[in-house]
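Coordinate analysis (summary)
Listed here are the chains, written in short residue letters.
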Amino acid sequence: MVHHWALLFIFCLSSSVWGQDERYYRQILSGELPKMSDGIRETSEHQFNVAGPSYLIDLNGDGIEETLQPQKRDGVDWIEIRNSAKQRIFDAKLLAVGAGSFLYKAKLVALSPKVKALILFLDEGFTAGRRFEATARIFVITYEKNDLETMKIVEGPHIFHEKEAIREQYFRRDYLVNVVDMNKDGQKEISVQYNHIQRIMEYLGNGEWMRY
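Residues numbered from 1 in each chain as written. Predicted model: local features only at pLDDT ≥ 70, side-chain atom pairs only at ≥ 80, totals over all residues. Heavy atoms only, no water.

Time to look at the sheet that holds strand β14 (residues 189-194). Taken together, four strands build an open sheet; the order of strands is β13-β14-β15-β16 and the sheet is antiparallel. With one partner strand each, in any of the chains shown, β13 (176-180) and β16 (208-211) form the two edges of the open sheet. Across the sheet, the axes of successive neighbouring strands diverge by a mean angle of 25°, strand direction being ignored. In this sheet, strand β15 (residues 197-205) lies alongside β14 in antiparallel orientation, the contact comprising five bridges. Paired with Y194 across the two strands is I197, which belongs to β15. (Pairing = 2+ DSSP bridges. Helix = DSSP H or I, 4+ residues; strand = E, 2+ residues; numbered from the N terminus. Axes fitted to C-alpha atoms, helices over the stretch in contact; angles between N-to-C directions.)

The buried fraction of strand β6 (residues 76-82) amounts to seven of the seven residues, a majority that puts the element mostly inside the structure. The alternating pattern of β6 places V76, W78, E80 and R82 on one face and D77, I79 and I81 on the opposite face, and all of these are buried. Note that strand β5 (residues 66-73) and β6 share seven bridges and pair antiparallel. In the strand pairing of β6, R73 is matched with V76. Where β5 hands over to β6, the hairpin turn is made up of two residues, of which D74 adopts a positive phi near 50°. In this sheet, strand β7 (residues 88-94) lies alongside β6 in antiparallel orientation, the contact comprising six bridges. When the bridges of β7 are listed, I81 appears paired with F90. Remark: five residues form the turn of the hairpin made by β6 and β7, two consecutive strands paired antiparallel; K86 in that turn has positive phi of roughly 65°. (Buried < 20%, exposed > 50% of the residue type's maximum accessible area, 1.4 Å probe, protein only.)

What follows is the structure, encoded as structure tokens:
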């Protein structure tokens with residue numbers, strides 16, 4: 001599992017420390033900080049914001065780079081995308097389950113000549129009550145015909161699971177994430193696999209996916 005202080009975007013070849021002080025996490029876990037409303041999108045102002053480092057990437061192939069920026073808003077992970085004029089064109093909430101969550105990697109892929117996907121890798125943090133447990137999962141942003149106004153995000157499966165179970169048992173699963181045309185129809189699927197356990201995401205169009 002990637003160290004909790006590393007933030008790595010593979011298209012940038014750089015890393016950065018991302019941390020929060022102990023008092024801040026106590027506030028999050030105790031509920032002192034304001035809670036966010038339900039839903040994957042949010043447009044209201046937030047009372048506590050922390051912006052991570054920005055990364056430049058040409059999402060639509062026009063030679064002009066967009067800006068990706070992971071953020072903490074009231075203790076919740078978000079991804080924000082801005083155009084070359086620094087205008088926000090997309091943002092989405094990445095719901096985690098424990099303390100110390102952070103976005104540590106992103107990968108841009110072409111599912112077909114008309115569909116692109118930005119795969120976000122989120123360390124969901126950890127819980128440490130009577131038993132320790134840590135997880136990570138992917139989120140997928142898709143858009144069609146290089147039109148960034150069509151961007152939509154979905155939550156994908158877990159790609160990492162580490163747990164201390166009962167009777168001093170312990171397990172750790174690192175899943176492989178592959179993008180491959182499994183049914184040979186000209187469009188790639190996203191496969192998440194650990195040994196014989198496999199989860200497949202098939203893109204249906206308009207931001208919709210089938211999972212099996």
